[in-house]
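Listed here are the chains, written in short residue letters.
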Amino acid sequence: MYLKQLSLINFKNYHEFEAKFCQKINCFVGNNGVGKTNLLDAIHYLSFCKSYFNSLDSQNIRHDDAFFVIQGIYERFAEDTEVYCGLKRNQKKIFKKNKKEYERLSEHIGQFPLVLISPNDSELINGASDIRRKFLDGIISQYDKVYLDKLISYNQVLKQRNALLKHFAESRSFDSETLDILDEQLAIYGKSILEIRVNFLKQFIPLFNSYYSYISESKELVTLEYDNSLGEKDFKTALITALSRDRALSYTTVGPHKDDLEFTLNGFSLKKFASQGQQKSYLLALKLAQFEFIKEQKNTKPLLLLDDVYDKLDEERFTKLLEMVSGEKFGQVFITDTHPDRMNELLNLKKIEHKIFLVGREEVSLITASE
Ligand SMILES: Nc1ncnc2c1ncn2[C@@H]1O[C@H](COP(=O)(O)OP(=O)(O)OP(=O)(O)O)[C@@H](O)[C@H]1O
Ligand SMILES: [Mg+2]
């Protein structure tokens, strides 16, 4: 599967845009603020029905315009498939495949798998634990609908339990029977969620490790571990132990909704002690492992969008990355860069199929393409 053609009308800074892509490496090069990342975001829209960067759809309409249109033509199974996304201000977003409108966007998501790696991903290291849980849950629920159902049920019970704790505090009352029923349910869902997460990580961690050692040429030892808020206790016992604290805070303080992923480098916290390049390499390895996982699940190579990956990576690491994504294991790749020449030189040197587009303030032009 690959994106053959992209057309935009009034999407972000683009009034009109159209380009045809090659099956392998496509680069958008140009100065800061010209719209390179916006092109990746348009491609992201076509896969996920939303922007990677701005969750408010209407803010992706070009300022002062009334609508946007994003259209892509994909080649899959030797056939062309057209995907259309249109949004008018104050109206519902319309998504079509081969001119037929979807009733629900969820029918579309997953058909054109894609992984985007962007500087925003540093939030995974520096942000709060919910961002890491979202990353984990996002990958698992893409292929395991049972997991998604359990997660939804767990969150519903959790909400009820927290409301009950709040009620106890406000009314200065306590009802152990009702609490016990909720604890029982929470423990059942929680146990399954934990098991699925742990099983997933058993498969995911070796992939992650192999990508990290490839990029860094095994110079560093990294770990990725699940940080379980229950410790060694079973769920029910942990809830009982934490009860007085939960009552004081009117909030459930243990369970999978508090668990985290722990990242280390050479035995120390990645966030506190690793260099920016090491952190970037770690993120790349995480997202590439995600890529590999989706590829196996969907039996197709996702599109890979690399935004500003050159930033913070040294020449050696970047060349390794480029060589790797040019290989058989990966499909179509889109890369942004602010330097027009270094990508061109590298791609020509390695004889990799590519197209390079120069993104300017007024227009986007194809500057080189391999034969
Ligand atoms: N809704 C919108 N309407 C018009 N312009 C917009 C809209 N949203 C974003 N932009 C413009 O898009 C530009 C940013 O584009 P983008 O982030 O793609 O730049 P870039 O080429 O990736 O730059 P950098 O090299 O700094 O990452 C900004 O000038 C911004 O004002
Ligand atoms: Mg950018």
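Residues numbered from 1 in each chain as written. Chains lettered and ligands numbered in written order. Predicted model: local features only at pLDDT ≥ 70, side-chain atom pairs only at ≥ 80, totals over all residues.

**Examining the packing of helix α5 (residues 176-216) against helix α9 (residues 276-298)**
- At a minimum axis distance of 8 Å, the contact between α5 and α9 shows a crossing angle of 130°. Taken as axis vectors, α5 and α9 run oblique relative to one another. Crossing angle aside, the handedness with which α5 passes α9 is right-handed. Side by side, α5 and α9 meet where F204, L207, F208, Y211, Y212, I215 and S216 of the first sit next to S281, Y282, L284, A285, L286, L288, A289, E292 and F293 of the second.
- Residues of the contact of α5 with α9, tallied by class, amount to 13 nonpolar, 2 polar and 1 charged. (Axes fitted to C-alpha atoms, helices over the stretch in contact; angles between N-to-C directions. Helix = DSSP H or I, 4+ residues; strand = E, 2+ residues; numbered from the N terminus. Parallel < 35°, antiparallel > 145°, perpendicular 65-115°, else oblique. Left-handed = near helix turned anticlockwise from the far one by under 90°. Contact = placed C-beta atoms within 7 Å. Nonpolar A, V, L, I, M, F, W, Y, C, P; charged D, E, K, R; others polar.)

**Notes on the sheet that holds strand β12 (residues 303-306)**
- Read from one edge of the open sheet, 6 strands run β8-β12-β13-β3-β14-β15, paired in mixed fashion. The strands lining the two open edges of the sheet, one partner per strand, are β8 (114-117) and β15 (364-369). Strand after strand, the sheet turns through a mean of 15° between neighbouring axes, direction not considered.
- Strand contacts of helix α1 (residues 36-48): β3 (25-29), β8, β12, β13 (333-337) and β14 (354-359), with the helix running at about 155° to β13, the strand carrying the most contacts. (Pairing = 2+ DSSP bridges.)

**So, the domain arrangement of the protein chain**
- Domain parsing of the protein chain yields domain 1 (2-113 + 302-369) and domain 2 (129-264).
- If you average the C-alpha positions of domain 1 and of domain 2, the two centres end up 35 Å apart.
- If you look at the interface, domain 1 gives 5 residues, while domain 2 gives 4 residues.
- Of the residues belonging to the side of domain 1 that touches domain 2, the class tally is 2 nonpolar, 1 polar and 2 charged. (Domains from an automatic or database assignment.)

**Thoughts on the pairing of strand β4 (residues 67-76)**
- Note that strand β1 (residues 2-11) and β4 share 7 bridges and pair antiparallel. Each bridged residue has a counterpart across the sheet, and for S7 the counterpart in β4 is Q71.
- Of the strand pairs in this sheet, β4 and strand β5 (residues 79-88) are connected by 10 bridges, and their pairing is antiparallel. Residue pairing for β5: R76 is matched across the bridge by E79.

**Looking at the packing of helix α4 (residues 145-171) against α5**
- Two elements in contact, α4 and α5, have axes separated by 9 Å at closest approach and are oriented at 150°. Classed by the angle they form, the pair α4 and α5 counts as roughly antiparallel. Classified by chirality, the crossing of α5 by α4 is left-handed. Residues Y147, K150, L151, S153, Y154, V157, L158, Q160, R161 and L164 of α4 lie in contact with α5, whose contacting residues are T178, L179, L182, Q185, L186, Y189, G190, S192, I193 and I196.

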